[in-house]
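Now for the letters of each chain:
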There are 2 protein chains.
Amino acid sequence: MSVDALAVLAEPTRRRIVEALRRSDHSVGDLVAALDMSQPAVSKHLKVLREAGVVSARTVAQHRIYTLEPGPFRELDAWLAPYRTLWTRSLDALERHLDSKE
Amino acid sequence: MSVDALAVLAEPTRRRIVEALRRSDHSVGDLVAALDMSQPAVSKHLKVLREAGVVSARTVAQHRIYTLEPGPFRELDAWLAPYRTLWTRSLDALERHLDSKE
DNA sequence: GAGTTATATAACCGTCAAGGCATGTACGGT
DNA sequence: ACCGTACATGCCTTGACGGTTATATAACTC
């Protein structure tokens, strides 16, 4: 809901998780293997990400498959939008693109 | 230099500072007044922001005027770019825009 | 339903950073 | 040169958070 997507994504490990999920959905075990970390640590981060709405999980057998949710990224993009004027002048078209649904 | 712009900007107080600077340049005293915080706390945050390249300062008389620097916002935008595919499909033109120098 | 696999939660510890106060430093005015 | 203003820095305390181990829960297998 809030712009704390930023705070949540600031954590390096969580960023690694998110980058892994960007390529494809992963189970917790997959992530543990990919990150070379303890399973509880990963589960904990996933909980944080879940509660921030950054990811969601579906249960498949005894596995939980995690997926990225667009919402927070949208928010982050929206937050960042006003700052684009810092490095570009001809941003009108760009902003209109981002603000438009499609 | 690094994508820790994210980490730096995750801090709520620093975000408030940055949002203030987005509207116009501010002296330290201005920021202290705007944020209702102790001056040392503000100076400390400004140091973090400075070292991350998010802001720069120029000395005017006994005042130090802080300004936003575009670099980190650019980085953040670049980091965010791949995730745009989450909420939009026709992003080719956009990405090309962001990847191109100008 | 006993055992196994997959994940979540609990309890604990160490680190780190934000905030406060006190003090240092730089500049300007007189 | 002295004083006041504007800002930076040092030191300290405290709370939040990441990581680990141990344990609980859930679901599949036989």
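## Some thoughts on the packing of helix H2 (residues 12–23) of chain A against helix H4 (residues 39–51) of chain A
Residues and elements named next belong to chain A. H4 packs onto H2 with a crossing angle of 80° between their chain directions and a minimal axis gap of 10 Å. Here H4 runs roughly perpendicular to H2, going by the angle between their axes. From H2, Thr13, Arg14, Ile17 and Val18 reach across to H4, where they touch Val42, His45, Leu46, Val48 and Leu49. Grouping the amino acids of the contact of H2 with H4 by side-chain chemistry returns 6 nonpolar, 2 polar and 1 charged.

## As for the interface of chain B and chain A
Much of the literature gives interface size as the accessible area that the parts lose upon coming together. Facing 29 residues of chain B, the contacting portion of chain A comprises 28 residues. Buried area between chain B and chain A, summed over both chains or domains, comes out near 2,800 Å², and the portion from carbon and sulfur atoms is 70%. Seen at the junction of chain B and chain A, the total is 4 salt bridges. Across the pair Arg84 of chain A and Asp77 of chain B runs a salt bridge, and its minimum N-O distance is 2.8 Å. Across the chain B-chain A interface, the total number found is 4 residue pairs in polar contact (both at pLDDT 80 or more). Those elements that provide at least two residues to the side of chain B that touches chain A are helix H1 (5–10), helix H2 (12–23), helix H5 (71–80) and helix H6 (92–99) of chain B. Class assignment for the residues of the side of chain B that touches chain A results in 18 nonpolar, 3 polar and 8 charged.

## Points about the protein's contact with DNA strand D
Around DNA strand D, the structure places 23 residues, and the nearest of them are Lys44 and His45 of chain A together with Gln39, Ser43 and Tyr66 of chain B. A share of 66% is what sugar and phosphate atoms reach among the atoms of DNA strand D within 4 Å of the protein. Between Val28 of chain B and DNA strand D, the recorded distance is 3.3 Å, taken from a backbone N or O atom to a phosphate oxygen. Between DNA strand D and Arg64 of chain B, the relevant distance is 3.3 Å, taken from a phosphate oxygen to a main-chain nitrogen or oxygen of the residue. Elements that contribute at least two residues to the surface near DNA strand D include exactly H2 and H4 of chain A together with helix H3 (28–35), helix H4 (39–51) and strand S3 (63–68) of chain B.

## Concerning the relation of the copies chain B and chain A
Of the transformation superimposing chain B on chain A, the axial component is 0.0 Å and the angular component is 179°, with the fit at an RMSD of 0.1 Å. Expressed as an axis order, the relation between the two copies is that of a two-fold axis.

## Describing the sheet that holds strand S2 (residues 55–60) of chain A
Residue and element names in this part refer to chain A. Taken in spatial order, the 3 strands make up an open sheet running S1-S3-S2, and their pairing is antiparallel. Single-partner strands in this sheet number two, and they are strand S1 (26–27) and S2. The pairing of S1 with strand S3 (residues 63–68) spans 2 bridges and is antiparallel. Bridge assignment links His26 to a residue of S3, and that residue is Tyr66.

## Some remarks on the side chain of Arg84 of chain A
On the secondary structure map, Arg84 of chain A appears in the loop between helix H5 (71–80) and helix H6 (92–99). Classification of Arg84 of chain A by relative accessible area gives buried; the value is 0%. A polar contact of 2.8 Å, which involves the side chain of Arg84 of chain A, links it to the side chain of Asp77 of chain B.

Criteria and thresholds
- Residues numbered from 1 in each chain as written.
- Chains lettered and ligands numbered in written order.
- Predicted model: local features only at pLDDT ≥ 70, side-chain atom pairs only at ≥ 80, totals over all residues.
- Heavy atoms only, no water.
- Axes fitted to C-alpha atoms, helices over the stretch in contact; angles between N-to-C directions.
- Helix = DSSP H or I, 4+ residues; strand = E, 2+ residues; numbered from the N terminus.
- Parallel < 35°, antiparallel > 145°, perpendicular 65-115°, else oblique.
- Contact = heavy atoms within 4.5 Å.
- Nonpolar A, V, L, I, M, F, W, Y, C, P; charged D, E, K, R; others polar.
- Buried area = accessible area lost by both parts, 1.4 Å probe.
- Salt bridge = Lys/Arg side-chain N within 4 Å of Asp/Glu carboxyl O.
- Polar contact = N/O pair within 3.5 Å; in protein donor to acceptor, adjacent residues only side chain to side chain.
- Near = heavy atom within 4 Å.
- Least-squares fit on C-alpha atoms with pLDDT ≥ 70 in both.
- Pairing = 2+ DSSP bridges.
- Buried < 20%, exposed > 50% of the residue type's maximum accessible area, 1.4 Å probe, protein only.

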